[in-house]
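# Summary of the model geometry
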Amino acid sequence: MMKFEFEEFATVEDVFLYLVSVAPYGKQVMPVSSYKGYIFSLVPLTPLSGDILMMIYTKGKLDPGLVEFDISTKKFRPVTSVERADKNYFVILTPKVATLAEEAIKNLQ
């Protein structure tokens, strides 16, 4: 059975900042989901078994696509391509069905 831990943030910028800080060095593009009123990423806490996932989230909605995030200003903007090595990028996904997200949201509420 999958177990979930949760970290809620006040803004999507805070979620992006957290994800940038825990991402492996050199990982420039990371996925983030916008699903059922939540913007989140599910991060494995136990990488080998995948038994425990951390849901890093805030409430809200983002349109699908690529966004560029600037750590120094804590601002993001939609872009059409990965343009700069000194920025971080997130691919915003809006799944039609997401069973892990459904389970996490159910545990959250």
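Here, every reference points to the structure presented above.
A brief structural summary. (Residues numbered from 1 in each chain as written. Predicted model: local features only at pLDDT ≥ 70, side-chain atom pairs only at ≥ 80, totals over all residues. Heavy atoms only, no water.)

Here we come to the pattern of salt bridges. Counting across every chain of the model gives seven salt bridges. The partner of E102 in a salt bridge is K36, and the shortest N-O contact between them spans 2.6 Å. Taken as a pair, E102 in helix 2 (residues 99-108) and K36 in the loop between strand 2 (29-35) and strand 3 (38-44) lie far apart in primary sequence, 66 residues in all. Its relative accessible area of 32% is what places E102 among the partly exposed residues. Residue classification places K36 among the exposed positions, given a relative accessible area of 54%. Its salt-bridge partner being K87, residue D70 comes within 2.7 Å of it at the nearest N-O pair. (Salt bridge = Lys/Arg side-chain N within 4 Å of Asp/Glu carboxyl O. Helix = DSSP H or I, 4+ residues; strand = E, 2+ residues; numbered from the N terminus. Buried < 20%, exposed > 50% of the residue type's maximum accessible area, 1.4 Å probe, protein only.)

Turning next to helix 1 (residues 12-22). Listed as buried for helix 1 are V12, D14, V15, F16, L19 and V20. Against strand 2, strand 3, strand 4 (52-59), strand 5 (65-70), strand 6 (75-79) and strand 7 (88-93) lie the buried residues of helix 1. (Contact = heavy atoms within 4.5 Å.)

Glancing now at the packing of aromatic side chains. Inspection of the entire model under this criterion finds seven aromatic pairs. Relative to F69, the ring of F16 has its centre 5.6 Å away and its plane inclined at 65 degrees; by these criteria the two rings are edge-to-face. With a gap of 53 residues between them, F16 in helix 1 and F69 in strand 5 connect regions that are remote in the sequence. Looking at F69, the relative accessible area reads 0%, which means it is buried. (Phe/Tyr/Trp six-rings, centres within 6.5 Å; stacked < 30°, edge-to-face > 60°.)

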